[in-house]
Each structure stands twice: as C-alpha cells, then as structure tokens.
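Here are the chains, one letter per residue:
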Amino acid sequence: MVEDGGRVDMEWCIAQPKIELHAHLNGSIRDSTLLELAKDSREKGALAFSDVEHVIKKCTRSVMECFKLFDVIRTITTDHAALSRITKEVIEDFAADNVVYLELRTTPKKNEQIGMTKCSYMEAVLDGMRAIETVEVSFLPSCGSKEKLEQFPNTNVAINGEKRRKLYVRLLLSIDRCESAASAMETVQLAYKMRHLGVVGVDLSGNPLVGEWLTFLPALKWAKEYGLAITLHCGEVYNPNEIKAMLEFCPQRVGHACWFEQEDWTKLKSLNIPVEVCLSSNVQTCRVSSIRDHHFDYLYRNNLPLVLCTDDSGVFSTNLSREYYLAASTFGLNKAQMFELSRNAIKHVFADESVKILLNSIFDSAQRELAIAVGSGNS
Ligand code: 5GP
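Rules used throughout
- Residues numbered from 1 in each chain as written.
- Predicted model: local features only at pLDDT ≥ 70, side-chain atom pairs only at ≥ 80, totals over all residues.
- Heavy atoms only, no water.
- Near = heavy atom within 4 Å.
- Polar contact = N/O pair within 3.5 Å; in protein donor to acceptor, adjacent residues only side chain to side chain.
- Areas by Shrake-Rupley, 256 points an atom, 1.4 Å probe, with all protein chains shown as cover.
- Helix = DSSP H or I, 4+ residues; strand = E, 2+ residues; numbered from the N terminus.
- Contact = heavy atoms within 4.5 Å.
- Axes fitted to C-alpha atoms, helices over the stretch in contact; angles between N-to-C directions.
- Parallel < 35°, antiparallel > 145°, perpendicular 65-115°, else oblique.
- Nonpolar A, V, L, I, M, F, W, Y, C, P; charged D, E, K, R; others polar.
- Expected span 1.5 Å × (residues − 1).
- Buried < 20%, exposed > 50% of the residue type's maximum accessible area, 1.4 Å probe, protein only.
- Phe/Tyr/Trp six-rings, centres within 6.5 Å; stacked < 30°, edge-to-face > 60°.
- Lys NZ or Arg CZ within 6 Å of the ring centre and 35° of its normal.

### What to know about the site of the ligand
Argument step 1. The ligand sits among 19 residues. The nearest are T106, T107, K109, G206 and E236.
Argument step 2. Here T107 contributes a side-chain N or O atom positioned 2.5 Å from an oxygen atom of the ligand.
Argument step 3. D312 places a side-chain nitrogen or oxygen 2.7 Å from a nitrogen atom of the ligand.
Argument step 4. For the ligand, whose unbound accessible area comes to 510 Å², protein coverage reaches 98%.
Argument step 5. Broken down by secondary-structure element, the contributors of at least two residues to the shell around the ligand are α4 (63-77) and β3 (99-106).
Argument step 6. At three residues, the largest contribution of residues to the shell around the ligand is made by α4.

Encoded structure:
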C-alpha cells in the first residue's frame with residue numbers, strides 16, 4: 001500500500017534515513033562526556049570546574065557565549081584519548097538516529113605540551129572511527145566502489161551473526177577563523193594528504209566575529225585547485241561584503257546563510273549552491289529570531305537547494321531527527337515532502353558517485369518500507 005503525504009511525527013523522523021552534512025565533531029559531544037571530561041580536567045588542575053559549569057549547562061547562548069563554550073570544550077577535549085572517545089561516541093549517536101551518511105568536520109589542532117600535531121590529532125580521530133564495533137563504519141573511499149549493490153539497500157548488515165547498522169562517514173577538515181594563513185595552509189595540505197583516509201573537503205568556521213576572509217583565501221584556493229570540496233560558514237553575522245566575496249569564490253556548499261540579502265539569494269540560486277540549514281543552532285544563538293522566521297521557509301518555497309543539519313548536536317541538545325521534525329511541524333511539510341528533502345541531500349554529498357548510488361538504493365528501499373509516494377516536495 002502506498003500512503004500519500006501523511007502527518008509527520010517524531011517516530012517517523014527517526015525511522016526515515018537521513019544524511020548529515022554539517023556536524024562539528026567537538027560540538028556534537030555528549031553532555032555526559034563533556035561533564036566527565038570537565039571533571040577530569042579539574043582534577044588535573046587544567047580547569048576550574050566552577051568557572052565552566054554554568055557555561056556548559058546553559059541552554060540558550062548568544063553567538064559570543066556559544067564560542068565561549070567552544071573554548072571550554074577545546075581545553076577539555078584536546079588530547080588524543082579524549083578525541084578518539086568523542087569521535088567514536090558521536091558516530092555511534094548519528095548511527096542510532098538512522099543517519100546513513102555523515103560528513104563530520106573538525107579543526108585539526110596542535111598542542112605542543114602533549115605532543116599533539118595536526119596530523120596526530122587526525123590520527124586520533126581515525127582511531128576513534130576504527131574503534132567502533134556496534135556500527136559498521138565505511139570511511140575509506142574504496143568502500144563505496146568495492147561494495148556490491150546487492151548488499152544493499154539493507155542498512156543493517158549481519159556481521160558474525162549480529163545485525164549492525166551501517167554508516168558511511170567522510171571527513172572535512174575545518175580552518176578556524178582565528179588561525180593564521182600558514183596554519184590554514186597546513187590544514188588544507190593535510191586534508192589533501194588524507195584523501196585516501198576519507199577526507200573529502202575543507203570547511204571555514206570559527207567565531208564569525210573574528211578574522212578576515214582574505215587571510216584564508218590562499219589556502220582555500222589551493223584546496224580548490226587540488227580538487228578538495230569546499231564549504232564555508234557564510235552570513236552567520238551581518239557582513240555583506242564578506243558574504244559577497246564568499247559567493248564569488250563559489251564554494252560547493254555554504255553553512256547557515258542567516259544574513260543574506262536578496263541579491264545574495266539571487267547569486268546563490270544562479271550558482272546552485274546548497275545551504276546547510278541548522279534550525280536549532282540558528283535560533284538558540286539568536287542568529288534567527290524563531291524557527292517560524294527561519295529562511296528555511298524561503299529556501300524551500302523557492303526550490304533552492306538545502307540540506308537540514310544539526311551543526312552541534314551536543315551544544316544545542318538536538319539530533320537530525322529532531323531537526324526534521326522541527327521543519328515538518330513548523331512549516332507544515334508532510335511525510336512525502338520530508339522524505340524527498342532527505343533524499344535530495346544525496347546530490348550534495350562530497351563523497352564520490354559510487355557512494356551516491358549506494359545511498360540512493362538505501363532510500364529506494366526505505367521508501368518501499370515506509371510506503372511513501374514521493375514527488376511533491378522541493379527538488
Ligand atoms: P571542532 O572543529 O573542534 O571539532 O568543533 C568545534 C569547533 O567548530 C568550534 O570551536 C568552532 O570553531 C566550530 N563551530 C562549531 N559550531 C559553529 C558555528 O555554528 N559557527 C561557526 N562559525 N563555527 C562553529
């Protein structure tokens with residue numbers, strides 16, 4: 001039986017397969033892990049817990065307060081063991097939410113005191129991915145092309161007699177806006193070296209009130225020239241010149257786009273650049289006054305490419321199913337429209353064509369299982 005449309009509830013949002021393209025590793029940390037690591041840091045004398053407890057436990061934060069929390073997280077998480085643990089948990093959490101493809105981004109950091117280089121930081125992230133047992137994680141580029149379509153569309157694969165969820169993961173290396181041009185170049189060159197380890201692109205993020213776009217342009221141009229995909233945090237704060245310069249650079253995707261003016265939307269549309277939309281993050285940091293006023297509505301109604309994402313599921317206490325539910329319940333979208341929105345994200349992943357084919361087959365199967373007639377949503 002094929003059910004047309006249908007009211008979306010949270011259970012349904014969890015059941016449908018989803019694609020996450022904008023998730024910051026350390027922003028997706030579990031609350032319990034963050035508090036535990038903060039207590040450990042206090043015991044080691046690296047942090048006064050009382051100074052950070054209120055920052056960690058606060059629910060709504062301005063952009064500045066949000067970045068204060070990221071500074072705390074950075075102090076607590078930047079050692080190899082903590083990073084591996086966070087990576088493992090974050091991926092397990094996305095898999096449990098029925099995310100079938102995850103592009104996870106993180107800023108490689110140095111910490112001379114503990115012998116951490118950008119490279120060893122990324123090694124720790126990879127160790128975390130390799131340590132996952134409860135989920136089958138495919139993160140090497142060859143995984144997509146070697147796998148046979150017949151193995152799919154079942155996303156629960158049987159290994160040693162046990163059914164495990166399957167999740168494709170690709171990595172993006174972030175440049176932080178407070179870094180120097182040289183440090184940004186080091187990051188993009190590391191990303192290039194790690195292509196065979198599932199790194200597919202580069203992101204520019206960090207406090208949008210800090211740093212100048214031009215500082216990062218040489219590194220981003222280098223990345224583009226060497227075939228890395230690029231996504232930019234763009235228009236998080238009012239900065240019309242920067243928005244225009246970023247769109248002129250023509251990244252493959254942009255994140256947020258909260259302060260776009262009509263001519264920016266027109267440019268975005270002419271370049272067909274998808275927006276990574278983060279509803280809870282934008283509202284909780286007051287970049288948008290309410291979900292109802294969010295530019296999701298404008299993008300969706302005008303058929304502009306968009307992908308729903310979490311941004312920082314730990315910091316904003318959300319997950320991707322919840323973001324889908326928020327969109328559906330606020331903007332009145334039905335199951336068919338939500339399913340199509342989710343499937344459309346496949347077009348915008350940075351992984352290669354073979355992975356896109358596999359993802360499409362997962363969605364074909366889910367469409368049959370969930371009995372949805374699609375074709376009425378944004379495409
Ligand atoms: P990490 O890169 O350490 O794994 O993830 C946390 C970092 O991502 C933060 O320190 C910050 O640089 C960046 N980040 C997380 N959320 C946002 C956001 O909403 N906007 C911007 N511009 N950067 C963010």
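Right, picking up where we left off after that structure.
### Overview of the environment of G198
Argument step 1. Summarising the element assignment, G198 is placed in the loop between α8 (181-193) and β7 (199-205).
Argument step 2. Sequence separation of G198 and L171 is 27 residues, and the distance between their C-alpha atoms is 5.9 Å.
Argument step 3. With residues up to four places along the chain from it excluded, the contact list for G198 reads F139, P141, R170 and L171.

### So, the packing of helix α10 (residues 240-249) against helix α11 (residues 262-271)
Argument step 1. In contact at an axis separation of 10 Å, α10 and α11 are set at 10° when each is read in the N-to-C sense. When the axes of α10 and α11 are compared, the pair comes out roughly parallel. From α10, I243, K244, L247 and E248 reach across to α11, where they touch E263, D264, K267, L268 and L271.
Argument step 2. Across the contact of α10 with α11, the residue classes tally to four nonpolar, no polar and five charged.

### Some remarks on α4
Argument step 1. For α4, with 15 residues, the first-to-last C-alpha span of 21 Å sits near the 21 Å given by 1.5 Å per residue.
Argument step 2. Inspection of α4 places V63, C66, F67, L69, F70, V72, I73, I76 and T77 among the buried residues, and these make up the whole buried set.

### Describing helix α9 (residues 213-225)
Argument step 1. Look at α9: 18 Å from first C-alpha to last across 13 residues, which is about the 18 Å you get at 1.5 Å a residue.
Argument step 2. If you check which residues of α9 are buried, you get W213, F216, L217, A219, L220, W222 and A223.
Argument step 3. Just downstream of α9 lies G227, where phi reads positive at about 85°.

### What about the packing of aromatic side chains?
Argument step 1. Applying the stated rule across the entire model yields eleven aromatic pairs.
Argument step 2. Ring plane angle 75° and centroid distance 5.6 Å describe the contact between W213 and F249, whose orientation is recorded as edge-to-face. With W213 in helix α9 and F249 in helix α10, this residue pair connects regions lying 36 residues apart in the sequence. Take W213 and F249: they sit in the same class, and that class is buried.
Argument step 3. One aromatic cluster in this structure is built from Y192, W222 and Y226.
Argument step 4. Its guanidinium or amino end placed over the ring of Y192, R195 lies 3.7 Å from that ring's centre, counting from NZ or CZ.
Argument step 5. The ring of F249 is capped by K224, whose NZ or CZ atom sits 4.0 Å from the centre of that ring.

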